[in-house]
Structure formats: C-alpha cells, structure tokens
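# Per-entry structural report
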Amino acid sequence: MNISVRHLLFLLMVTGILLITFGCSQKDDVVQPKKMATITLQPNQLPTLDTLYAYELWMVTIDGGDSAYTSLGKFLWDNYWNRFIDMDGNAFSGIFDVPQPWYDYDRIMVTIENRNDLDPQNPSGTILMVDEVVDPTSRPIKMKFPGFVFEATGYYFVGTPTNNTIVGDALDDADESKGLWLCSRTLTPRMIQDTLGIDSVKVNQTEQDTNQKYVPDTIGISGWVFQDSVMVIIGYDTIRDHRRVEITYIDTVDTNHAYVLHIYPDTTISETYEYYNYAFPMEKIPDIQPYGWRYNAWVLLDPAYDGSLDLKRMVPFGYDGQWRWTGDTTWNVLPLGAFNRSDSADLSNPNISNREVPNFPGEDFVAGPDAARYSSLNLRQAVSGFWGSIVVGMEPNPANVTIDPDRNFPLFFLADSLRSGLNMTAARAVHTFHNWSQTLPTISVGVVFHE
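Residues numbered from 1 in each chain as written. Predicted model: local features only at pLDDT ≥ 70, side-chain atom pairs only at ≥ 80, totals over all residues. Heavy atoms only, no water.

## Let's talk about the overall build of the chain
Helix and strand counts for the chain stand at 4 helices and 25 strands. The burial tally for the chain puts 42% of its 451 residues in the buried class. Within the chain, contacts between residues separated by at least 24 positions form 72% of all contacts whose residues are at least 6 apart in sequence. In the form shown here, the chain has an accessible surface area of approximately 23,600 Å², with 51% of it arising from carbon and sulfur atoms. (Helix = DSSP H or I, 4+ residues; strand = E, 2+ residues; numbered from the N terminus. Buried < 20%, exposed > 50% of the residue type's maximum accessible area, 1.4 Å probe, protein only. Contact = heavy atoms within 4.5 Å. Areas by Shrake-Rupley, 256 points an atom, 1.4 Å probe, with all protein chains shown as cover.)

In structure tokens:
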C-alpha cells in the first residue's frame, strides 16, 4: 500500500495522542520500562552513631501482608566532616546500585543495626526513616522518621517526690534537687474532719411484704470506740493523726424487711491539708513501639556541674548549633529511664525510695545501690548561664538491638534548659518543654535510571 507523506504524519500524530492519553493513566511500573537505578543519599541532620550501631539501607517489596527486604549495605556517617563511611572506615560517596528494577520495590528505608550484627540477612526492626518508591519526577523522595511527634508537648519539674514525707519537703529537703519527673506537680487542699463521737442513731424500716406478720429483729449499734492516729491516704501523701470511730453493728434482721441505718457523727473539728497532685503527662506523642523504638529522657550536664558522678559523655545530635539549646557535645549524660507511654510509670526506677511515686516517667536519685554515687547530684545548681538541659528522645528497643543504657541515643524531640537555683522559686516550678522535632534527621534520595 502506498501511503503519502501527509497520511503518514497524520497516523504518527494520532498514535502519539493515544499513547499520551492512555499511557498516562497506567501505573508507573507499566509506563516505565524495567529500568535499573542508581541512588544517591543526601543526609540532613544525620547524627554520628555510637560505636555500637550502624545504619543500613533497605529496599522493601510488599506483597499483601508479606514483605521482602533487600539490603544495599551498612554505612556510617561522619557529621563533622559531612561524609559517608563504610564499615571498613573508608569514606565513600553515598551512592548505591539497586539490584532489581526500581519499580519492583515499594519502600526504601534505613534501619539501626548493631555493627556486630548476629542476623545480617534481616533488618532489626528499628526503622529510622522510610519513604515510598515513586517516580522521582512526580515528587522528591525523602526518607524521614515514621512517627509524628511535631505536635508533642508536656511538662516537667525538678523534685524528689519518692523521698517526701510531708509537703514541706519540697521546700527544705536537701535531696529535692536530685530528681526530675515528666509531668506537672501542684499543691491541692483537702479538708479532713475528725470524728469526736456519735450524736444519734436512727433506723428506717421498709416493708417488703405486708402479708408477713413477723416481728423484725433489732438493728442498730451495739457499741463504738475511738480509733486515734488513723492513717489516711490523700493523693500520694499519708496523714497519720486522723481520728475516727469504729462501730460495732447489730446486723441480724428479719429477711422479710429491709432497714437503713443512719449514723450522725459529731465532727466539729476539721483541718485542711495540702497534698501534691501529679497530672498532665506529655501529650500527642505516638506509639513508636511498632517501629522498634521506645522513649527515654536524659539530663545533659556540663562536666563542671555534674557532681563528679563519673557519667559518660553524651552522643551528639545531628543538628547544627546544639550547644545553644541542648548542651555542648562535651557534656555528660544522666539517663532518667526508658518508657513506652507518657501517662504511665517508666520501665525501671532503681533509685527511688518508694514513698510517693507518681505514675509518670521520671527518676529520683536518692536510694538504691547507687545512692552514694549520686550524693552530690544537684539539678538546681546555684549558677548563672547554661549549665544543664533535659531532653526527651528515642532509643532502640533492646529486644532488637543491643544498646548502651548509660548513654543517650542521638534522637530527641522535646528539650528545655535546667533552671538555676539562684532563683529558687523558678527552680521549684513546673516547666514546659519546647518541641524540637525539626532536628530529626532526613535523607533525600536522588535516582538515576540506566539500562
């Protein structure tokens, strides 16, 4: 068949329109050929890890409820020199070849692994950051932490409630500067009346069956005695000088009748007590256990003011200028304890005295086997300037990854500076955390396709 040049151009034009119209409505893995890819990682605020850990890059394929993981390799990051390091200590460019076609995968993620990895073929389950595998021309690919902590907020106070015997301890107890708790603390009044005697007794009878003519037994009180120095629990405080009456009842009655016994006590003397009320946990923090993490709180201290506690040096965070907000990288770290929920006690309290224990994360360094070690701890230092801070962050679940319990993991999202004891009113107050979620690391992924 002879086709003129004009008809050929027309057919080519129509074919092009059909390809554009129907091709654009197909999935990426249909439109795109089975192209191989080379990716380049571009970190932002990625911290340098402690010697226990390494980063590992994974490509993930999801098939229904099953996932398959392909490791592209472990790596380290030197935040000071801004460069990637391989596991042999050599610098490299952060470029990785993807072994299968790009669109065969569904996710790209980075996990935290032990350098001495006992199961190198599988991820630890501690997911640091993740993103979907998409056409890089449709939007930038940026891996980030999967938990949303950008709206988290909360309170904390410096104090040792587990060492208190009376409310006044908060004002004059020498140990009150040795603890910190992630909640609020307020004094709440409550009036307690002492019982001096019984003014009168009255029995009301209610007929249940008027057809029965039985004479009911007597109901009432056979006697009563004073009980002095009764222990009364108010909040977490104990009141021991209360007085009440112990009554002996006559309670054998006719089963055909019901009776209500009214006792009118003499309570002419009353006293108002103040007790501590603990409330307002950190709010809007997600459950990060599914990603392989738990929360922890760390006090960061200038070595000049850490009380010679022989603390380990902090692991620096990855953001610039941290010396202004969370402390210099030469500061030491005091762990307060890991926790999974902000409205419950943390997972371990080895140093508390168990008198008045708030059901919130925190720690008092006043008892236990290390009490002598913490005897010089003072979180209300009477100095001016920036000498200590409190941060709330994350650490790997030790069921998945071996961790160092005496050092911080370099991820945090709440922080505040410790107050000076020069202004004791401010030092005793409840303080508000500042949200620093913008310091969490991200990694942008550049994709180059090739045959």
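## Regarding the sheet that holds strand β18 (residues 293-301)
Read across the open sheet, the 5 strands follow the order β19-β18-β21-β22-β24; overall the sheet is antiparallel. Since the sheet does not close on itself, it has two edges, and those belong to β19 (332-339) and β24 (434-435), each with one partner. Judged from the 9 bridges that link them, β18 and strand β21 (residues 388-396) form a sheet pairing that is antiparallel. Along β21, the bridge assignment pairs W293 with P396. (Pairing = 2+ DSSP bridges.)

## Some details on the sheet that holds strand β10 (residues 155-158)
Pairing is antiparallel across the open sheet formed by 4 strands, whose spatial order is β20-β11-β10-β23. Two strands bound the open sheet, and with one partner strand each, they are β20 (362-364) and β23 (431-432).

## Concerning the environment of Y278
Summarising the element assignment, Y278 is placed in strand β17 (residues 269-279). Residue classification places Y278 among the buried residues on the basis of a relative accessible area of 7%. Taking C-alpha positions, Y278 is 8.1 Å from N359, a pair spaced 81 residues apart along the chain.

## Details of the nonpolar core
By size, the foremost hydrophobic cluster in this structure holds 68 residues, and its most contacted members are I39, L41, L57, W102 and L180. With 5 residues, the single largest contributor to this core is β18. With near-sequence residues (within four places) excluded, W102 lies in contact with K35, A37, I39, M59, V133, V134, P136, I141, V447 and F449. Core analysis: the next-biggest nonpolar cluster, separate from the first, contains 11 residues, W298, L300, M314 and F412 among them. (Core = buried A, V, L, I, M, F, W, Y, C linked by side-chain atoms within 4.5 Å.)

## A word on the packing of aromatic side chains
Going through the model one piece at a time under the given rule, you end up with 27 aromatic pairs. Geometrically, the ring pair formed by Y305 and W387 is edge-to-face, given 6.5 Å between the ring centres and 70 degrees between the ring planes. Pair noted here: Y305 is in the loop between β18 and β19 and W387 is in the loop between β20 and β21, with a separation of 82 residues, a long-range link. By relative accessible area, which is 1% here, W387 ends up buried. Pairing F317 with F412 gives two aromatic rings, centres 4.5 Å apart and planes at 50 degrees, and the pair type is tilted. Remark: F412 occurs in strand β22 (residues 412-417) and F317 occurs in the loop between β18 and β19; sequence separation between them is 95 residues. This pair shows no difference in class: F317 is buried, exactly as F412 is. (Phe/Tyr/Trp six-rings, centres within 6.5 Å; stacked < 30°, edge-to-face > 60°.)

## Side note on the pattern of salt bridges
Counted under the stated rule, the structure contains 12 salt bridges. Linking E56 and K74 is a salt bridge whose minimum nitrogen-to-oxygen distance equals 3.2 Å. With E56 in strand β2 (residues 53-63) and K74 in strand β3 (residues 66-78), this residue pair connects regions lying 18 residues apart in the sequence. Salt bridges sharing partners connect three or more residues here, namely E56, K74 and D117. (Salt bridge = Lys/Arg side-chain N within 4 Å of Asp/Glu carboxyl O.)

## Points about unusual backbone geometry
Backbone geometry at K284 places phi at a positive 60 degrees, although glycine is not the residue there. Its place among the elements puts K284 in the loop between β17 and β18. Residue classification places K284 among the exposed residues on the basis of a relative accessible area of 56%. Even without a glycine there, the phi angle at D310 is positive, about 60 degrees.

## What to know about the pairing of strand β1 (residues 36-44)
Direction of pairing for β1 relative to strand β25 (residues 442-450): antiparallel, over a ladder of 9 bridges. Paired with T38 across the two strands is V448, which belongs to β25. Strand direction decides the pairing type here: β1 and strand β6 (residues 95-98), joined by 4 bridges, are antiparallel. Opposite T38, over in β6, you have D97 as the bridge partner.

## Quick notes on the environment of D135
Within the secondary structure layout, D135 lies in the loop between β8 (127-132) and β9 (141-144). Placed 312 residues apart in sequence, D135 and V447 show a C-alpha to C-alpha distance of 9.0 Å. Within the structure, the side chain of D135 is placed 2.8 Å from the side chain of T137, a separation counted as a polar contact. (Polar contact = N/O pair within 3.5 Å; in protein donor to acceptor, adjacent residues only side chain to side chain.)

## As for the side chain of S177
Of note, S177 is situated in the loop between α3 (169-172) and β11 (179-181). Engagement of the side chain of S177 in a polar contact is seen with the side chain of N378, the distance being 3.2 Å. Aside from chain neighbours lying at most four places away, what touches S177 is V158, L377, N378, L379 and R380.

Keep in mind that these numbers describe shape and distance, not what the molecule does.
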